[in-house]
Amino acid sequence: MTPARALSSDVYPERPAPLEEACAAEPRDMAALLLFALSRRIGDDRRPVLVTAPRVWFAEYGRPYGPGAAGVPLILAPTTTAAEALWTLEQALRSGAVALALGAVDGASLAQTRRLDFAAKQGEAVGLILPRRLDGLSAARRRWRISTFESATDPDDPRAPGPARLIAELVRGRGERPGAWMLEQDDETHRLRLADRLAGDGLAAIGHAGAPSGLAA
Amino acid sequence: MTVWRRSATRARRPASPPDPALDPQNPFALILKNSRGAAILHALNPAARRAGLRRGQTQADARAMIPQLICKPADPEADARALTALAVWAERWSPSVSLDPAGEGLEGLFLDVTGAAHLFGGEKALLAQIRDRLAEAGIPARTALASTPGAAWALARWGEAGGEGAIADEDTVRDRLAPLPVEALRIDAHTLAQARRFGLKRIGDLYPMPRAGLARRFRDGAGVGLVQRLDQALGFAGEALTPVRPPPKYRAWRTWMEPVEDIEGVAARLAELAADLSAPLVRDGQGAKALTLTGFRSDGGTTHLSVRMGRPGRDAAIWLRLFREAGLGRLELGFGLDALMLTADAVELMTPRQGALESEAEAKQAESLAALIDRLTARLGEDRVLTPEPVDSWIPERAERWRPALGRSPAAANGDAGRRPILLLDPPEPVEAIAELPDGAPARFTWRRLSRRVTRADGPERLSPEWWRPRPDDRQVRTRDYYRVEDDAGGRYWLFREGLYGREFSGAAEERAPSWWMHGVLP
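Just so it is clear, the model here is predicted, and its values are computed rather than measured. (Residues numbered from 1 in each chain as written. Chains lettered and ligands numbered in written order. Predicted model: local features only at pLDDT ≥ 70, side-chain atom pairs only at ≥ 80, totals over all residues. Heavy atoms only, no water.)

**A few points about the overall build of chain A**
Across its full length, chain A holds 6 helices and 10 strands. Within chain A, buried positions represent 63% of all 217 residues. Here the contacts in chain A between residues at least 6 apart in sequence split such that 71% fall between residues at least 24 apart. (Helix = DSSP H or I, 4+ residues; strand = E, 2+ residues; numbered from the N terminus. Buried < 20%, exposed > 50% of the residue type's maximum accessible area, 1.4 Å probe, protein only. Contact = heavy atoms within 4.5 Å.)

**Remarks on the overall build of chain B**
A count of helices and strands for chain B gives 13 helices and 20 strands. The C-alpha atoms of chain B give 34 Å as radius of gyration, which overshoots the globular expectation for 523 residues (24 Å, by more than 25%). Dimensions of chain B along its principal axes, counting C-alpha atoms only, are 100 × 65 × 50 Å. Counting across all 523 residues of chain B, residues that qualify as buried make up 49%. Considering only contacts within chain B whose residues lie at least 6 apart along the sequence, 59% involve residues at least 24 apart. Of the accessible surface of chain B, which amounts to about 25900 Å², a share of 52% is contributed by carbon and sulfur atoms. Side-chain charges of chain B comprise 74 positive and 70 negative groups, with the mean position of each set lying 4 Å from the other. (Rg over C-alpha atoms; globule rule 2.2 N^0.38 Å. Areas by Shrake-Rupley, 256 points an atom, 1.4 Å probe, with all protein chains shown as cover. Lys, Arg positive; Asp, Glu negative; His and termini not counted. Charge placed at Lys NZ, Arg CZ, Asp CG, Glu CD.)

**Details of the sheet that holds strand 2 (residues 28–33) of chain B**
All names here are of chain B. Pairing is mixed across the open sheet formed by 3 strands, whose spatial order is 3-2-4. Only two strands of the sheet have a single neighbouring strand rather than two, namely strand 3 (39–44) and strand 4 (70–73). Put simply, the sheet's adjacent strands are angled 40° from each other on average, direction ignored. With 4 bridges joining them, strand 2 and strand 4 adopt parallel strand pairing. (Pairing = 2+ DSSP bridges. Axes fitted to C-alpha atoms, helices over the stretch in contact; angles between N-to-C directions.)

**Here we look at a negative patch on the surface**
Residues and elements named next belong to chain B. Residues Glu 258, Glu 261, Asp 262 and Glu 264 make up a contiguous surface patch of negative charge. Considering the arrangement of structural elements, one finds Asp 262 in the loop between strand 9 (250–260) and helix 11 (263–284). Taking the relative accessible area as the measure of exposure, Asp 262 reaches 42% and is therefore partly exposed. (Patch = residues over 30% accessible without salt bridge, like charges linked within 9 Å, V, L, I, M, F, W, Y side chains within 5 Å. Salt bridge = Lys/Arg side-chain N within 4 Å of Asp/Glu carboxyl O.)

**Things to note about the sheet that holds strand 12 (residues 337–349) of chain B**
Residues and elements named next belong to chain B. Spatially, the 4 strands line up as an open sheet ordered 9-12-10-11, and their pairing is antiparallel. Pairing within the sheet leaves two strands with one partner each, and these edge strands are strand 9 and strand 11 (302–313). Mean inter-strand twist for the sheet, computed between neighbouring axes without regard to direction, equals 15°. Pairing of strand 10 (residues 286–297) with strand 12, which is carried by 11 bridges, proceeds in the antiparallel orientation. Its bridge partner lying in strand 12, Leu 293 is registered against Leu 342.

**Things to note about the side chain of Arg 452 of chain B**
All names here are of chain B. Among the secondary structure elements, Arg 452 is positioned in strand 17 (residues 450–463). Here Arg 452 sits buried without a salt bridge, and the closest side chain of opposite charge, Asp 487, lies 4.2 Å off (N-O distance). Among the polar contacts made by the side chain of Arg 452, one reaches the side chain of Tyr 493 at a distance of 2.7 Å. Non-local contacts of Arg 452, meaning those with residues more than four positions away in its chain, are made with Ala 443, Arg 444, Phe 445, Trp 447, Asp 487 and Tyr 493. (Polar contact = N/O pair within 3.5 Å; in protein donor to acceptor, adjacent residues only side chain to side chain.)

**Describing helix 4 (residues 123–136) of chain B**
Residue and element names in this part refer to chain B. Over its 14 residues, helix 4 extends 20 Å from the first C-alpha to the last, a length consistent with the 20 Å expected when each residue adds 1.5 Å. Turning to helix 4, its buried residues number three or more, namely Leu 126, Leu 127, Ile 130, Arg 133 and Leu 134. With its buried residues spanning 130° around the axis, helix 4 presents them on a single face. With respect to the buried face of helix 4, the exposed residues turned more than 90 degrees away are Lys 124, Ala 135 and Glu 136. Positive backbone phi, at 80°, marks Gly 138, one or two positions downstream of helix 4. (Expected span 1.5 Å × (residues − 1). Arc of directions from axis to C-beta.)

**Considerations on the packing of aromatic side chains**
For the coordinates displayed, the defined rule picks out 14 aromatic pairs over all chains. For the ring pair Trp 57 of chain A and Tyr 61 of chain A, a centre distance of 5.3 Å and an interplane angle of 50° mean the geometry is tilted. Linking Trp 57 of chain A with Tyr 61 of chain A, this pair stays in helix 2 (residues 55–61), spanning 4 residues, or about one helical turn. Both residues of the pair, Trp 57 of chain A and Tyr 61 of chain A, count as buried. Within the aromatic cluster, the residues linked to one another by ring pairs are Tyr 12, Phe 36, Trp 144 and Trp 181 of chain A. Lying over the aromatic face of Trp 256 of chain B, Arg 269 of chain B brings its terminal NZ or CZ to 4.8 Å of the ring centre. Positioned above the aromatic ring of Phe 496 of chain B is the side chain of Arg 480 of chain B, whose terminal nitrogen or guanidinium carbon lies 4.6 Å from the ring centre. (Phe/Tyr/Trp six-rings, centres within 6.5 Å; stacked < 30°, edge-to-face > 60°. Lys NZ or Arg CZ within 6 Å of the ring centre and 35° of its normal.)

**Observations concerning the interface of chain A and chain B**
Contact with chain A, which involves 59 residues of that partner, is made by 51 residues of chain B. Summed over the three residues of chain A that lose the most area to chain B, namely Arg 63, Tyr 65 and Trp 87 of chain A, the buried surface amounts to 17% of that side. For Glu 60 of chain A, the salt bridge goes to Arg 448 of chain B, with nearest N and O atoms at 3.6 Å. The tally of links between chain A and chain B comes to 17 residue pairs in polar contact (both at pLDDT 80 or more). At the level of elements, helix 1 (30–38), helix 2, strand 3 (63–64), strand 4 (74–79), helix 3 (82–95) and strand 7 (142–149) of chain A are the ones that each hand at least two residues to the side of chain A that touches chain B. Its residues placed into classes, the side of chain A that touches chain B shows 33 nonpolar, 16 polar and 10 charged. (Buried area = accessible area lost by both parts, 1.4 Å probe. Nonpolar A, V, L, I, M, F, W, Y, C, P; charged D, E, K, R; others polar.)

**Observations regarding helix 3 of chain A**
Residue and element names in this part refer to chain A. Counted at 1.5 Å a residue, the expected span for helix 3 with its 14 residues is 20 Å, and the 20 Å between its end C-alpha atoms agrees. For helix 3, the tally of buried residues reaches 11 of 14 residues, placing the bulk of the element in the interior. Taken together, the buried positions of helix 3 are occupied by Glu 84, Ala 85, Leu 86, Trp 87, Thr 88, Leu 89, Glu 90, Gln 91, Ala 92, Leu 93 and Ser 95. Positive phi shows up at Gly 96, right after helix 3, with a value of about 75°.

As structure tokens, this is what we get:
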């Protein structure tokens, strides 16, 4: 695991590829990962989001909670095996009925990820595999590692946690330079946006402040 | 008017088979305890009957007569289960199969084959087929076909030797029943004893009697029952039978001479059945919401597979796909299936879509979503494809209920995304927390064996218990104070303290101190 040293000055690839992979840097970053994953929808796609994972995943991390993910119609498919979850993911992507399909699946083979990539293109959807670790071959266009970052300051109450922030590190991208971006949850849309742009105090300052404490995760 | 229905009735021996190791030459009996605790003969094999034993005798009496009588306890519940299973199997000949309510050692099935006999090559051929199939499955049976359930019952059990397919239609039923004993009218022992005393031995003896006089002559109104049974047998009175499974309105059904032994064969024939079933649905403007495929095994068993759909449909190709995903490959074929039946268990009127109200794209989108949910449900099961349903409650875990997605459309919950966790732990997990003030925010807490220092906290958000709901267990429901906290690693959590200092906890020994719980993780 290579810790991000500084935030990248490249343009954040906001538009999702058909199939991406994202993992949580540590188990406690799962909520940030889920927020990141839900934000990888295209624009204002109103189709529902399907979340599939083996049952143990839900026991470990909790269940997605609608009020906390406002604005996203959810379908949940807890499965018995990882193979079933992969099948579910493929069906959902291919059907064209969902905007985004998330699958917490480990050990998908290259051939399986190729199928998913193809299915996502066919259904004009975005597929996101959430494995435990980013090893092995995969047809995913981008591989992300997500870690929680200390929240932004709440203008009304400095002692309270403010808008959520996280570091999205692009570990590998096809035709893209790896990099890291700090994203912040928007109060209005509840989606992630690039934190530094709107903060207005420049990349260097945030990169400098963020690097020593939170990024080593 | 009388309802004329033709029914074939089969009587069969008690369903508990004797131990195969036992020689049929040995007298054998099944024993049941009666209400006074005495052991009574419940069922006998032919050897025991030949030796002069009869049903209802006490075991002690029987043993005195035949010391070598082999006895085993009867299991009436297993018998009933076996008979019900056989009734389902018999649906291959008729959609409406009823268990014989007479029961008690004369168990049988009623098959309403009105208008169906021609499908099997006539009534004689039908009876022969029923007997052959049952014999193949190792079930000795007697069959008869008559214009009323009562007459069929009588002929099957009391007809000429062997009961080899007696057939009586409206014209002959009177003559066919005349020589049978009055027992054949399904009357109770009390009525039977009185009829014997009057010298009424055969059903024919009752024909010349005036109905009203006959009914009056018996004590305790037993005569009314006798007359009613007689009328039912002759078709002057109707008789309602309750089928084991409600007959489906839409049913497609095929049989083959050679049993189908592989899944591919079943799948090919299922396609034919699906086409058969969808035709009448299209005609009536109906769509199926639930389908059951029943395979009739040559060994006397049945195998089932059901699929459900969120929207009514009649596309045979979609049905096939759903059946495949529901596990067509896992059907138990045994030694092969010789008949398949596809029934529409739930149908609904297909309303033409209103093109003006919703855009074409939206309608298409909703349709593909329903199809996806159907497919996932068929493969994973109904309780594995879920969608949240908002519930009017402020208790967080109760505010959202996960329901089967089948037949629902997922809707976005409205909530306060910044203040509610994105992952909810249900049930909440206990944490050890240290707060600077008893009713303040925590300063440190240990969750899942990891100690965390709180750097920022927001709260409390006080949620009172819903006192109007019954308590889930003996646990006292108390007020919760929720805090959003952030630890020094940047993790954000949703903690609550259950119980208020002062109002709900005064420090008395028997009271439970307020405790901390982790309810979810915020992004």
